[in-house]
Amino acid sequence: MTLLELAKKEGKAKVAIAARVGGALKDLSAPAPDGAAVAWVTPTDPDGIEIVRHSTAHVMAAAVKNLFPEARITIGPAIENGFYYDFDVETPFTPEDLARIEEKMAEIVRADHPFTREDLPKADALKRFPGEPYKIELIGDIPDPVVSLYQVDGFLDLCRGPHVPSSGKIGAYKLMHTAGAYWRGDSKNRMLTRIYGCAFASKKELDAHLRLLEEIKKRDHRKLGRELDLFSINDDIGPGLILWHPKGATVRRIMEDFWRTEHARAGYDLVFSPHIARLELWRVSGHLDFYRQSMFSAIEVEGQDYQLKPMNCPFHIQIYKSKIRSYRDLPVRYAELGTVYRYEPSGTLHGLLRVRGFTQDDAHLFLRPDQLDEEIFSLLDFTLFVLRRFGFEKYDVYLSTRPEKYAGSLENWAKAEAALKSALERKGLPYAVDPGEGVFYGPKIDIKIKDMLGRSWQCSTIQVDFNNPERFDAAFVGPDGSGQRAIMIHRALMGSLERFFGVLVEHYAGAFPTWLAPVQVDVLPVTDKQADYGRDTVAALRKAGVRVEGDFRNEKLGFKIRESQLRKVPYALVIGEREVTQKQVTPRRRGGEQLPSMPLDEFVGILRGETDNQST
Ligand SMILES: [Zn+2]
Ligand SMILES: [Zn+2]
């Protein structure tokens, strides 16, 4: 009896596409075991959907070979959300080719061809792939004497399987795009053409995924950065280096103002440090040993080597060390929006998300060991307060513990890990432990924020450090007059301003909340006759501290409103004859909601309500 027959007997033939027998995944055409437990695999299981995706790759390759017999086949695995298959072809496939391939696939699906498996000695298998050098190479690499081949609609492939029983069982799919890929990922090898496809168990899931991709494209911060004139990256300046345009710079200034105000309020001292320092400093800090590949080359000045800073820590340590500290002075908290420079290969750079020069919202805390608990708890509190202000309410939190190689005493490690843990628990934050994933100098908490589309972004980090205080001898005088070593915490909440700004742009799709919006209000007179009142309104709002622009062009009102919406300005004030005679304004929200006419003061009150609620 085959597994399929067993499935029929158990009434599972409709849903099952494969089976798990004693831990191994099997085709339904495989014999049913005597007695061993069988778990049916359906397209909605993680294993099942992978089988569906990989089977779809076979069906696609079958379609390609049918339409392009000269294409040489290589490999086609399942990946997240879909699959790909690499082909060796003279000219890469065009979008029109992909449409034809999709049609052919639909034919194969409709015909419901069975997937059949053969197990053959390698020597026999080699004979089955005439004119397919990649398959010959792959078979040669397999250590087992017997290999398995799968066939669907006459298309033969080397494969471990399992597969869906027949081509009609693959789900909903769509071919997305092509890309170049080297055979075996090695740039010395031939460049192949990869076709990427999405595949899901149902059309509903595929559609939801395609909608998400559409939304991600719409929100791309590089696109919105251009459209809203926020920032640019310019080849004359250099890759990975950001030019902040006035509108982006305004948002950044507000982010920075908020950050500075709240840090001062939370007991931090704000400092500044230079962008370069003697190379020797980075030898002491250990960066030359551990971090050199991420640093730019040294700069020679008067026969001495200087280094563009990849981090701010040593500067803050030197400020701490500029005088003798008593145990009563601690904790000392230094915060800086410190711009650092790190070497990243040009191929890895990506808009604002991966750059070569960026500003960390950095701080270094110097503590006595007995202060760890309380300090980490209030730090976590402060971190969440900052993230919430920017509209992030959901997080993935990770606690990384002691790795095999570590600096500092076991006792301190245990204390620090316990402090991090208890802070997370007191805050009621669910977290995952990454055992052994701490930095060699101390354990850490990493917080990934979740954006509007549910995507995770690593931003905040809180790292305990036992190593730098030792390297730089950062100490304090204890109650008994003896010198004691301070514990240090490195922390960044937004991480990098550039990256965080990029995430914010995508999170809000460029429609910043009123407190962050580069322009908060557009004043739109209906005709020239209301221009004077319009200008007075602009002046009065500006005086009240509102970021306001007026559109006095001789354009139709509808046009002006549409433009204001495209620029994602939170409020448009339409000024017609009625507004002028009644000395009022009629606000219109970005989304289209019309507010009643009101005196200007009242409108300023609404704006205040939306901007001031931050200082809770
Ligand atoms: Zn396969
Ligand atoms: Zn640091």
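Residues numbered from 1 in each chain as written. Chains lettered and ligands numbered in written order. Predicted model: local features only at pLDDT ≥ 70, side-chain atom pairs only at ≥ 80, totals over all residues. Heavy atoms only, no water.

A. Expanded view of the coordination of the zinc ion (ligand 1). At 1.8 to 2.3 Å from the zinc ion (ligand 1) lie its protein donor atoms, namely His-54 (NE2), His-58 (NE2), Cys-159 (SG) and His-163 (NE2). Considering all four donor atoms around the zinc ion (ligand 1), angles at the metal cover 89 to 130° and the coordination shape is tetrahedral. The sequence pattern describing where the donors of the zinc ion (ligand 1) fall on their chain is H-x3-H-x100-C-x3-H. (Donors = N, O, S within 2.8 Å, 3.2 Å for Na, K, Ca; no water. Tetrahedral: all angles 85-135°; square planar, octahedral: opposite > 155°, others 65-115°.)

B. How the structure looks around the sheet that holds strand β30 (residues 586–589). Overall, mixed pairing links the four strands, which are arranged β28-β27-β29-β30 in an open sheet. Edge positions in the sheet fall to β28 (548–550) and β30, since each has one partner strand and no second. The average undirected angle you get between the axes of adjacent strands in this sheet is 25°. Of the strand pairs in this sheet, strand β27 (residues 521–525) and β28 are connected by three bridges, and their pairing is parallel. Looking at the pairing, Val-523 lines up with Gly-550 of β28. Strand contacts of helix α16 (residues 531–543): β27, β28 and β29 (571–575), with the helix running at about 165° to β27, the strand carrying the most contacts. Strands β27, β29 and β30 of the sheet are contacted by helix α17 (residues 557–566), whose axis makes an angle of about 170° with β27. (Pairing = 2+ DSSP bridges. Helix = DSSP H or I, 4+ residues; strand = E, 2+ residues; numbered from the N terminus. Axes fitted to C-alpha atoms, helices over the stretch in contact; angles between N-to-C directions. Contact = heavy atoms within 4.5 Å.)

C. Structural detail: the coordination of the zinc ion (ligand 2). Distances from the zinc ion (ligand 2) to its protein donors, namely Cys-313 (SG), His-364 (NE2) and His-490 (ND1), fall within the range 2.0 to 2.3 Å. Sequence positions of the donors to the zinc ion (ligand 2) reduce to the motif C-x50-H-x125-H. Linking Cys-313 in helix α11 (residues 313–320) with His-490 in strand β26 (residues 487–496), this pair joins segments that are 177 residues apart in sequence. Pair check on accessibility: Cys-313 and His-490 agree, each one buried. (Buried < 20%, exposed > 50% of the residue type's maximum accessible area, 1.4 Å probe, protein only.)

D. Spatial organisation of the state of the cysteines. Tallied over the full model, the rule gives zero disulfides. With no disulfide of its own, Cys-459 lies 18 Å from the sulfur of Cys-313, the closest cysteine sulfur. (Disulfide = S-S within 2.5 Å.)

Spatial relationships are all this shows, so hold off on functional conclusions.
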